[in-house]
Amino acid sequence: MVVFGEAGDEKEVYVAYMSEPTFPQFSKFMAASKKDEVMAMRTLARDCFIDGNRELVDNDSMFLFGLMGQLSELITTRQSTLVNL
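What counts as what
- Residues numbered from 1 in each chain as written.
- Predicted model: local features only at pLDDT ≥ 70, side-chain atom pairs only at ≥ 80, totals over all residues.
- Heavy atoms only, no water.
- Core = buried A, V, L, I, M, F, W, Y, C linked by side-chain atoms within 4.5 Å.
- Buried < 20%, exposed > 50% of the residue type's maximum accessible area, 1.4 Å probe, protein only.
- Helix = DSSP H or I, 4+ residues; strand = E, 2+ residues; numbered from the N terminus.
- Contact = heavy atoms within 4.5 Å.
- Polar contact = N/O pair within 3.5 Å; in protein donor to acceptor, adjacent residues only side chain to side chain.
- Pairing = 2+ DSSP bridges.
- Arc of directions from axis to C-beta.
- Axes fitted to C-alpha atoms, helices over the stretch in contact; angles between N-to-C directions.

## Concerning the nonpolar core
Here is step 1 of the chain: In this structure, Ala16, Met18, Ala45, Leu56, Phe63, Leu67 and Leu71 are the most contacted members of the largest nonpolar core, which totals 18 residues.
Here is step 2 of the chain: Mapped onto this core, the elements with two or more residues apiece are strand S2 (13-18), helix H2 (37-48), helix H3 (55-58) and helix H4 (60-71).
Here is step 3 of the chain: If you tally residues by element for this core, the top one is H2, at 5 residues.
Here is step 4 of the chain: Setting aside its immediate chain neighbours within four residues, alanine 16 contacts Met1, Phe49, Asp51, Leu56 and Leu67.

## Here we look at the side chain of glutamine 25
Here is step 1 of the chain: Within the secondary structure, glutamine 25 is located in helix H1 (residues 23-33).
Here is step 2 of the chain: A relative accessible area of 18% means that glutamine 25 is categorised as buried.
Here is step 3 of the chain: Within the structure, glutamine 25 has its side chain in polar contact with the backbone nitrogen of threonine 22 (distance 2.8 Å).
Here is step 4 of the chain: For glutamine 25, the residues in contact, after removing those within four places along its chain, are Glu20, Asp47 and Cys48.

## Thoughts on the pairing of S2
Here is step 1 of the chain: With burial as the criterion, only one face of S2 is covered, namely that bearing Tyr14, Ala16 and Met18; the residues Val13, Val15 and Tyr17 on the opposite face remain uncovered.
Here is step 2 of the chain: With 3 bridges connecting them, strand S1 (residues 2-4) and S2 associate as antiparallel partners. Bridge pairing in S2 places valine 2 opposite valine 15.

## Observations concerning the side chain of asparagine 53
Here is step 1 of the chain: When you line up the elements, asparagine 53 lands in the loop between strand S3 (49-52) and H3.
Here is step 2 of the chain: Under the relative-accessibility criterion, asparagine 53 is labelled buried at 14%.
Here is step 3 of the chain: Leave out the neighbours within four places in its chain, and asparagine 53 touches Lys11, Val13, Tyr14 and Val15.

## A look at H4
Here is step 1 of the chain: Every buried residue belonging to H4 is among Met62, Phe63, Gly66, Leu67 and Leu71, and all of these are buried. Each buried residue of H4 sits inside an arc of 125° when the element is viewed along its axis, so together they form one side. Turned more than 90 degrees away from the buried face of H4, the exposed residues are Phe65 and Gly69.
Here is step 2 of the chain: Where H4 is buried, its residues touch S1, S2, H2 and H3.

## Quick look at the sheet that holds S1
Here is step 1 of the chain: With antiparallel pairing, 3 strands are arranged side by side in an open sheet as S1-S2-S3. Two strands close off the open sheet at either side, each with one partner strand: S1 and S3. Put simply, the sheet's adjacent strands are angled 25° from each other on average, direction ignored.
Here is step 2 of the chain: Bridge analysis of S2 against S3 gives 3 bridges, and the strand direction is antiparallel. Pairing of methionine 18 across the sheet is with phenylalanine 49, part of S3.
Here is step 3 of the chain: Against the sheet, H2 engages S2 and S3, with an angle of about 70° to S3.
Here is step 4 of the chain: Sitting on the sheet, H4 touches S1 and S2, and the angle it makes with S1 is about 145°.

On their own, these measurements won't tell you what the molecule is for.
What follows is the structure in structure tokens.
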């Protein structure tokens, strides 16, 4: 995931390599999202972070206004349809 820096940031581009959540990580996210969606997303980001600019996860502003909007890509369901058999 790529987040572009703004004026005053240390870098022009911030990159985070994220994994698809495992079953336990997704379950933890779902349980936490019932109480606090933002904290649930931060937990998911920390659990799925592999490498890159850690400040995307740890810095409140970078997370809220940069990475969080992209995290939904990690939990997007596959294309599917229900058929009558």
